[in-house]
Every structure is written in structure tokens, then in C-alpha cells.
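# Chains, contacts and geometry: an overview
The chain contents come next:
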Amino acid sequence: MSAVPPPVSPSRTTCASLLHELQIIWDEIGEGDSERDTMLLQLEQECLDIYRKKVEITRKYRADLHKSLADGQAQIATIASALGESNSFSWARGSLKDQISAVKPVLDELSLKKQERVRDFSVIQTQIVRISSEIAGNGVATNAGEDSGVDERDLTVKRLGELKSHLEELHKEKALRLQKVNSHVNTIHDLSVAMSIDFFKTLDEVHPSLSDQSAAHSKSISNDTLARLTALTNSLKQEKQQRLQKLQELGSKLIEVWNLMETPTEERNNFDHVTRLISSSVDELTRHGCLSLDVIEQTEAEVERLNVLKASKMKELVFKRQNELEEIYRGVHMDVDSDGARQILSSLIDSGNVNLSDLLSSMDDQIVKAKEQASSRKDILDKVEKCKFAFEEDKWLDEYEKDENRYSAGRGAHKNLKRAEKARILVGKIPSIIESLTARVKAWESEKGVPFLYDKVPLLHIVEEYAAQRQEREEEKRKSREQKRLQEQHATEQEVLFGSRPSTKKPLGQSTNANTMVGTPISRRTSTPSGRHGVSAAKERRESGRANMTPVNYVALPKDDSVSRRN
């Protein structure tokens, strides 16, 4: 029996050694050749199956590598196309593993760039969706943009720039809308302050976000909100205008009644904030509560109260105006029927058929006209006063020159001498004074078309009468001087024929004139416009002196002002 060969190390075992060892074993066993051939065929088949299986696995692995390489290259091409980058990559040559190793870094870099680009798109699109929803007023949640998918087929820089431009436009639109909202809110605030309206409640009716101070950056800017704010602003402006007009009307009524009733300043100051509104424009009023409903109600109550008082005092006010009108007429010597005017006024007021405010307004117009008439007569009246003074001085000089003791050394004689000297100068100007006055009166009458009355008498008649009386007096004085001259001549002739006769002399200081004192005549009489009367005759002039020329005016009433127009 042959010895068994030593075992071979597994790491050095080969098919040949194993087959040799198998031959030795078969020899020992005594296997036949046919069995040996069969077993060898089996071994060969089993080896082929193992090799075949291994080849299939390797072939599949190679296909996977090809697919992986193709997928990587395809992904690179797709990502590059989505990113808008040129697909000009140079693929490495060599084994599949080498090619895959070369593709992987490129793919990783592009994938990272894609992720960043997708993130940029997502942020921008989220903001676009959010702002668009705010403008549309759809009430979309803030994170709704995160659910909107990004189109990864177009991640180019151009597309990203377009989205950024669109986002910038939306930001501008949002800023503009927010500016409009804030402008409306500020305007509504000012209007609410002026009219004492609840500002926050008013805004809350438009949109709750407008009255929420903590939501300053999330105010509603939708078209609906802007439309509501615009309508509210216009409504409040109209309400403000209406309230201002109401208070201006009430303020005008207050001033009218105050002026009629001559209300003291202290009482008027209580509603000074209302009367100041009369000259104010609607845009100027920003003071708190200046147009509130409380102010309007208080002013209406005051106007109503004053109207009640006005009705009771109106008659007194009417007659007060009448007194003023009469004083103006009397001051310029115009005719006035005081009793008749007052009876007519009383009848009008008692009948209740006339508006007392209109009556007062009419009387105010008459007062204005009366003042105009008085102003037009002032120049002539000044000349009349000058003429009257000259007439009085003329009369005084007449009496003075009749006094035989005028040159005595009595008390006040030197003053009378000076006065007489001035009076002679003034009397010498009387013709020119009368001529100037006559010309002025005629010019006035020609302009007005009515005679110039002075205390119910035409002034030209008075002047002409005085001129005639003065001429008559001058004639009497001339005759008196002529008679005296003849008497003196006769006395001289008698003295020549029969000799001189003792003449009785009056004691020094005595005068034949009863109106002289201490050798001088009394000074000229003082006269007042209301105490003078027209001169009618020379006898009346000698007894009582010349009366003055003061008229009484006729009052022009609302019912009939024809008489006042004659003056």
C-alpha cells in the first residue's frame, strides 16, 4: 500500500494538485476508469457552472457601472441645463470605475449648486406669494409660499432675476399701498380728533389690522381696504364740512343777535371758539373737539336762548336805532317827524307782520344813509356856523356903536375895543361869506335835486331874508346918520343965530341902552342848535335877536322812505 501524500497548504492548492490527490485516493479505493471519467465530468460541469455564475455576476456589475456612469452624466446634463450652464464637460477615459470616479465630484458640485439655487427660488417665491396675497386680501397664511413648489426644470439666473424684479415691484407696490393706508389713517385720525369721533372703533370697522398697534407691519393693504379707507375719508371730510358750515351759520347768528342786543364782551367770549370758525377753512381745523356734536348742540341751545331774549328786547332795540337816527338828523338840522315815526314803528312791531331783524337791518341802512347825508351837509353847515357868528358879531357891533359911553374907562372897555376892531373886519367880509355860502348851497341843491333845508326852512330863503334885513338895517342906519347930521347942522345954525345953550350931559357911566353894563353892551348871546328859530321880521329881530337855523329831521321808515329822500 502506497503512502498518503502530505496535505498541501490551502493557499497553495491548485486544481492540478487536487486532481492528483484525487487520483491517489481513487487508486487506493480502486475506482474504475468509467467511474473516474463520470466524476471528472461532474467536476468539470460544476466548475463551469461556478464560472458561468461568476461571469454573470460580473457582467451585471459591469452593466450597473455603465448605468451609474450614464445616470451621472445624464444628471450632470440635466442639472447644468436647469442651471443654465454650458454642458461642455470632458469625460475621462479608462475603466468604468475611473470614469465614475471622475463624474462623481462634478455631479456633487452641481447638485450642491442646484440646492442653493432652489433655496433662493423658494425664498423669493414665498415672498412673492405672501405679498401677492396681502395685496389681493385673500387672507393667505404667511407660510403659504413654502408649499408652492419650485420648478426645478428652470433654475437659471435669468429666471431668478425675473423673479427678483417681480418681487421688487411687489415690494414697491406694497410700500405704495402702505403709504396710502397710513395717509388715510392719519387723515382719519385728524378728522376724528376735530370731530371727537372714536378713532380706533372707526378703523376697526374698516379692517381689524388697522386699529391693532402691535401689527404695524401687517396692516391690510388690499384693494378692498383701500377702497373702504377712501370712502371713509371722503365721508368724514364731508361730515367735517357740514359741521363747519353748521357752526359757521350758528356763529353768524350769534354775532347778529349779540350786535342787536349789544351783548357784553365777557358773555361773547364764552363762544369765541365758535365765532372764530366763521373765517376758518375746513383744512385749518385740527384742534381737538372743535367740531364735535357737543359744541354744535351747545351753540344751538345758546342761539335758541338768545332768540327768545331777542324777541323781548327787539322793540327796545328798534327804538334805540330810531333815537340814533333822529340824533343824526338833528345834528345836521334836518327835518324829522319823531312822534309819527315812533307810532308807525310801534304799529309794525305790534302787528307782528314784519320781521324785526329785517326792520333793524333796514334802520341800519337808513342810519348809514343819514350819516352820508350828514357828511354831505357838513361843509355847508360849517359855513352856516361861520355866517351865524358873523351875523351875531354884526349885531353886537351895532349895539356897541350905539353906546355913547363905549370909550369910557370902565371895566372891560379895552376888551370890547379889541372885539369891535375884529368885528368890523369880520362884518366887512359878510357879503363874501354870504356869497360863498349861497354858491355852495346852490351847488348842493343842483347836485341833489332837492332844496337844502335848515330846520324845515330852505337855507337860501334864510340867507336871502337876512341879506334883505341887513340891507334894510343899513338903510335905516344911513337915514339915522343923515337925520343926525341934519339935526347937528340945525343946532349949529341956531347957535349962530341965538348963541350957545347949555346941554345936559348924562352922568359918566350911564347909557341909554338898557342892554349895556359899565358902559359896554352885553356880550353876544350863546345859542344852541336846538334852541334857534328862523327870522321872520325886523321887529322880531330887534326884540329877541336873530334866531338860529336848526332843523328837526324826518325819519325814513322801512314802509315809506320817500320823505327821507327829499332831504
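Residues numbered from 1 in each chain as written. Predicted model: local features only at pLDDT ≥ 70, side-chain atom pairs only at ≥ 80, totals over all residues. Heavy atoms only, no water.

## A look at unusual backbone geometry
Phi angles above zero are rare outside glycine, and Ser 196 is one such case at about 55°. With respect to the element layout, Ser 196 can be found in the loop between helix H4 (157–195) and helix H5 (199–206). (Helix = DSSP H or I, 4+ residues; strand = E, 2+ residues; numbered from the N terminus.)

## Some words on the packing of aromatic side chains
Overall, the coordinates contain one aromatic pair when judged by the stated rule. Sitting over the ring of Trp 396, Arg 419 keeps its end group 4.0 Å from the ring centre. (Phe/Tyr/Trp six-rings, centres within 6.5 Å; stacked < 30°, edge-to-face > 60°. Lys NZ or Arg CZ within 6 Å of the ring centre and 35° of its normal.)

## A closer look at the nonpolar core
The biggest cluster of nonpolar side chains holds 63 residues, and the ones touching the most others in it are Leu 247, Leu 291 and Val 318. At the level of elements, helix H2 (33–83), helix H3 (96–136), H4, H5, helix H7 (223–261), helix H10 (293–331), helix H11 (338–351) and helix H12 (356–402) are the ones that each hand at least two residues to this core. Take this core: its biggest share by element is twelve residues, from H7. If sequence neighbours within four positions are ignored, Leu 291 has contacts with Ala 194, Met 195, Lys 240, Arg 243, Leu 244, Leu 247, Leu 277, Leu 285 and Ile 296. Ranked by size, the runner-up nonpolar core spans 36 residues in total, among them Ile 367, Ala 370, Val 384 and Ile 434. (Core = buried A, V, L, I, M, F, W, Y, C linked by side-chain atoms within 4.5 Å. Buried < 20%, exposed > 50% of the residue type's maximum accessible area, 1.4 Å probe, protein only. Contact = heavy atoms within 4.5 Å.)

## Quick word on the environment of Thr 492
One can find Thr 492 in helix H15 (residues 459–498). Accessibility expressed as a relative area gives 45% for Thr 492, which makes it partly exposed. In this structure the side chain of Thr 492 is engaged in a polar contact, spanning 2.8 Å, whose partner is the backbone oxygen of Glu 488. (Polar contact = N/O pair within 3.5 Å; in protein donor to acceptor, adjacent residues only side chain to side chain.)

## As for the packing of H12 against H15
Contact pair H12 / H15: the axes reach a minimum separation of 13 Å and the direction vectors enclose 20°. Between H12 and H15, the crossing angle belongs to the class labelled roughly parallel. Our pair here, H12 against H15, has a crossing hand that is left-handed. Between H12 and H15, the residues in contact are Ile 380, Val 384, Phe 391, Asp 394, Asp 398 and Glu 401 and Leu 459, Tyr 466, Arg 470, Arg 473 and Lys 477, respectively. Of the residues assigned to the contact of H12 with H15, the class counts are five nonpolar, no polar and six charged. (Axes fitted to C-alpha atoms, helices over the stretch in contact; angles between N-to-C directions. Parallel < 35°, antiparallel > 145°, perpendicular 65-115°, else oblique. Left-handed = near helix turned anticlockwise from the far one by under 90°. Nonpolar A, V, L, I, M, F, W, Y, C, P; charged D, E, K, R; others polar.)

## Some details on helix H14 (residues 430–448)
End to end, H14 covers 27 Å across 19 residues, agreeing with the expected 27 Å (1.5 Å per residue, within 8%). For H14, the full list of buried residues reads Ile 430, Ile 433, Ile 434, Leu 437, Thr 438, Val 441, Trp 444 and Glu 445. Each buried residue of H14 sits inside an arc of 130° when the element is viewed along its axis, so together they form one side. Turned more than 90 degrees away from the buried face of H14 sit Glu 435, Ser 446 and Glu 447, all of them exposed. Once H14 finishes, Gly 449 follows within two positions and takes phi at roughly 80°, a positive value. (Expected span 1.5 Å × (residues − 1). Arc of directions from axis to C-beta.)

## Details of the packing of H4 against H7
Running from amino to carboxyl end, H4 crosses H7 at an angle of 25°, the nearest separation of the two axes being 10 Å. Taken as axis vectors, H4 and H7 run roughly parallel relative to one another. The two elements H4 and H7 meet at a crossing, and its hand is left-handed. The segment H4 lies against H7, with Arg 177, Lys 180, Val 181, His 184, Thr 187, Ile 188, Leu 191, Ala 194 and Met 195 engaging Asn 223, Leu 226, Leu 229, Thr 230, Leu 232, Thr 233, Leu 236, Lys 237, Glu 239, Lys 240 and Arg 243.

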